[in-house]
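Topology and contacts: notes
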Amino acid sequence: MPTERTFSIIKPDATRRNLTGRINAKFEEAGLRIVAQKRARISQAQAEAFYGVHRERPFFGGLVSFMTSGPVVLQVLEGEDAIAANRRIMGATDPKKADAGTIRAEFAEDIEANSVHGSDSAENAATEIAFFFRPEEIVG
Ligand code: GDP
């Protein structure tokens, strides 16, 4: 398995409920290392650009409002097969469909306020990491 890096966001529903530590424990217990992390407010322009692929979807406006509604925690996670591993740890987008023990099954409020974002491909991971982090902010 290759060592990879993936991009993660702990979303506003989770920071509001003070779940950062419990979510980070899930990553670390599964063998992922948090090699960069910063708490931030995402601007409307950043949220619109980050989720640009969903621009035509009916939930786009609500998603941008949600992602700018409170602080987030931006992260780079590193480990073996990190991109797929993180998607397994997160669980399905809709928490009603997420496997037991996943972050979304345990913590998500609904399909929109679903506690975490994680890159879905190596290409997107590289793009998303570069969108929020300078290389020197990532310490492996
Ligand atoms: P992810 O890769 O599992 O995060 O899912 P997507 O890339 O398909 O969607 C991005 C984000 O948009 C999700 O994490 C949700 O926050 C939100 N989202 C996706 N589908 C829906 C939906 O049907 N309704 C609403 N309200 N939000 C959605």
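Residues numbered from 1 in each chain as written. Predicted model: local features only at pLDDT ≥ 70, side-chain atom pairs only at ≥ 80, totals over all residues. Heavy atoms only, no water.

Near the ligand the following residues occur: Lys11, Tyr51, His54, Phe59, Leu63, Arg87, Thr93, Arg104, Ile111, Glu112 and Asn114. The contact in question runs from an oxygen atom of the ligand to an N or O atom on the side chain of arginine 87, over 2.9 Å. Taken by itself the ligand offers 560 Å² of open surface, and the protein chains cover 77% of this. Comparing atom positions with the cavity grids shows the ligand to sit within the largest pocket. Residues belonging to the shell around the ligand are distributed by class as follows: four nonpolar, three polar and four charged. (Near = heavy atom within 4 Å. Polar contact = N/O pair within 3.5 Å; in protein donor to acceptor, adjacent residues only side chain to side chain. Areas by Shrake-Rupley, 256 points an atom, 1.4 Å probe, with all protein chains shown as cover. 1 Å grid on protein atoms, 1.4 Å probe; cavity = no way out; pocket = protein on both sides within 12 Å on 5 of 7 lines; lining within 4 Å. Sits in = over half its atoms within 2 Å of the grid points. Nonpolar A, V, L, I, M, F, W, Y, C, P; charged D, E, K, R; others polar.)

Quick look at the packing of aromatic side chains now. Each aromatic ring pair is characterised by the separation of its centres together with the angle its planes make. As enumerated under the stated definition, the model contains seven aromatic pairs in all. Relative to tyrosine 51, the ring of phenylalanine 50 has its centre 5.1 Å away and its plane inclined at 85°; by these criteria the two rings are edge-to-face. You can call phenylalanine 50 buried: its relative accessible area is 13%. For tyrosine 51, a relative accessible area of 8% puts it in the buried group. (Phe/Tyr/Trp six-rings, centres within 6.5 Å; stacked < 30°, edge-to-face > 60°. Buried < 20%, exposed > 50% of the residue type's maximum accessible area, 1.4 Å probe, protein only.)

Here the focus is the side chain of glutamine 75. Examined against the element boundaries, glutamine 75 turns out to sit in strand β3 (residues 72–80). Here the side chain of glutamine 75 touches asparagine 24 through a polar contact of 2.7 Å, side chain to side chain. Reaching out from glutamine 75, the side chain makes a polar contact with the side chain of glutamine 37 at a distance of 2.7 Å. In contact with glutamine 75, not counting residues within four places along its chain, are Thr6, Phe7, Ser8, Ile10, Asn24, Phe27, Ile34, Ala36, Gln37 and Phe133. (Helix = DSSP H or I, 4+ residues; strand = E, 2+ residues; numbered from the N terminus. Contact = heavy atoms within 4.5 Å.)

Each strand in a sheet pairs with its neighbour through backbone hydrogen bonds, running either in the same direction (parallel) or in the opposite one (antiparallel). If you walk across this open sheet you meet the four strands as β2-β3-β1-β4, and the pairing is antiparallel. Strands at the two margins of the open sheet, each flanked by one partner only, are β2 (33–40) and β4 (116–118). Shown here is a sheet whose adjacent strand axes are inclined to one another by a mean of 20°, direction ignored. Where β2 lies against β3, seven bridges are found, and the strand directions are antiparallel. The residue bridging alanine 40 from the neighbouring strand is valine 72, located in β3. This element, helix α5 (residues 82–90), spans β1 (3–10), β3 and β4 of the sheet and lies at about 35° to β1. (Pairing = 2+ DSSP bridges. Axes fitted to C-alpha atoms, helices over the stretch in contact; angles between N-to-C directions.)

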